[in-house]
Amino acid sequence: MWLILSHKSFLWILLFVNLLGTVYGYDWYMWQLKITDPIFLIFVPDSPTASLFFTLAILGWLIGRNFKLMEALALITLVKYGLWAVVMNLLTLMETGSIGWVGWMLIISHFAMAVQALLYIPFYRFGFIHIVIAGVWTLHNDFIDYVFEQMPIYYDLMKHMNEIGYFTFWLSIGCITIAYFVWKSRMNSERL
């Protein structure tokens, strides 16, 4: 399996898929971006920005480089927003009784985002400072989303925003912790 995942041809396919997903994701958010104060624009399209980070990380691997900050941002935000979207769509299903094919597509595609971030752990070469920067970005984004109310809009869930904000904060902490353990594990193995 790893031979396939690490093969350059597969990485090119993965780059293309993530680039298409990023473009589709930004288009998906276009309606919300139109009603967003310009100062918050960068913080609204969370999932496509996460896949953009991963796309740039893949590009680095293809040219024989490690864009370390992009790798840290990709790991933390892909897992976070991948799982977040799965949970939000399942909550919508519980709230409304139906999410249609689009909701199921979002569950599958966002779960795949989280999985791909974890599958490529052996490629990451980020350092502690990259985790700190990516962690600050991620927690700042939570602050913007839930204090300034710039979170992705799920109309059926808006009455639960306080609980969702609390869940999101701890999801961020969990994802930052994953990145820390990835870095720590690599440091320990390099010492041996």
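Structure first, text after, so check above.
Owing to the predicted nature of the structure, the values given are computational and were not obtained by experimental measurement.

> What is the right way to look at the packing of helix α7 (residues 128-147) against helix α8 (residues 161-191) in this model?
Angle between the axes and distance between the axes are the two parameters that describe a pair of packed helices. Their axes nearest at 10 Å, the elements α7 and α8 cross at an angle of 175°. Classified by the angle between their axes, α7 and α8 sit roughly antiparallel to one another. Residues F128, I131, G135, T138, L139, D142 and Y146 of α7 lie in contact with α8, whose contacting residues are M161, I164, G165, T168, F169, S172, I173, I176, A179, Y180 and W183. Residues that form the contact of α7 with α8 fall into these classes: 12 nonpolar, 5 polar and 1 charged.

> Would you mind showing me how to read helix α6 (residues 100-119) here?
Helical geometry: 3.6 residues make up each α-helical turn, so side chains three or four residues apart lie on a common side. In this model, α6 (20 residues) spans 29 Å end to end at C-alpha, consistent with the 28 Å of a helix rising 1.5 Å per residue. Listed in full, the buried residues belonging to α6 are G103, L106, I107, H110, M113, A114, Q116 and A117. Lining the buried residues of α6 we find α2 (8-28), α4 (46-62) and α5 (68-96).

> What's the story with the environment of I144 in this structure? I'm lost.
Position of I144 relative to the elements: it lies in helix α7. Along the backbone, I144 and F40 are 104 residues apart, and their C-alpha atoms lie at a distance of 7.7 Å. In contact with I144, other than residues within four places in its own chain, are F40, F43, E149 and Q150.

> Would you take a moment to explain α5 for this structure?
Taking 1.5 Å per residue, 29 residues should reach 42 Å; α5 reaches 41 Å between its end C-alpha atoms and fits that length. Looking at the residues trailing α5, positive phi occurs at G97, about 90°.

> What's the story with unusual backbone geometry in this structure? I'm lost.
Note: most peptide bonds trans; most residues except glycine with negative phi. Here the phi dihedral of E149 falls at roughly 55°; this positive angle occurs in a residue that is not glycine. Structurally, the position occupied by E149 is in the loop between α7 and α8. What makes E149 exposed here is its relative accessible area of 59%.

Cut-offs applied
- Per-chain numbering applies: the sequence of each chain, read as written, is numbered from 1 onward.
- Thresholds applied to this predicted model are a pLDDT of at least 70 for local features of residues and 80 or more for the giving and counting of side-chain atom pairs; totals over whole chains, interfaces and linings are not thresholded and use all residues.
- With hydrogens and water set aside, each side-chain value is computed from the structure's full complement of heavy atoms.
- Each axis is a line fitted through C-alpha atoms, and for a helix only the stretch in contact is used; angles between axes span 0 to 180 degrees, taken between their N-to-C directions.
- Only runs of H or I of at least four residues qualify as helices and only runs of E of at least two qualify as strands under DSSP, and these elements are numbered from the N terminus.
- Should an angle fall under 35 degrees it is called roughly parallel, over 145 degrees roughly antiparallel, and 65 to 115 degrees roughly perpendicular, with every other angle called oblique.
- The contact definition used throughout considers only heavy atoms, calling two residues in contact when any of these lie within 4.5 Å.
- Under the scheme applied, nonpolar residues are Ala, Val, Leu, Ile, Met, Phe, Trp, Tyr, Cys and Pro; charged residues are Asp, Glu, Lys and Arg; polar residues are all the others, including Gly.
- One fewer than the residue count of a helix, multiplied by 1.5 Å, yields its expected span.
- Partly exposed describes any residue whose relative accessible area lies between the buried limit of under 20% and the exposed limit of over 50%, with all areas from a 1.4 Å probe on protein chains only and scaled to the type maximum.

Everything listed here is a matter of coordinates, which is why it stays silent on function.
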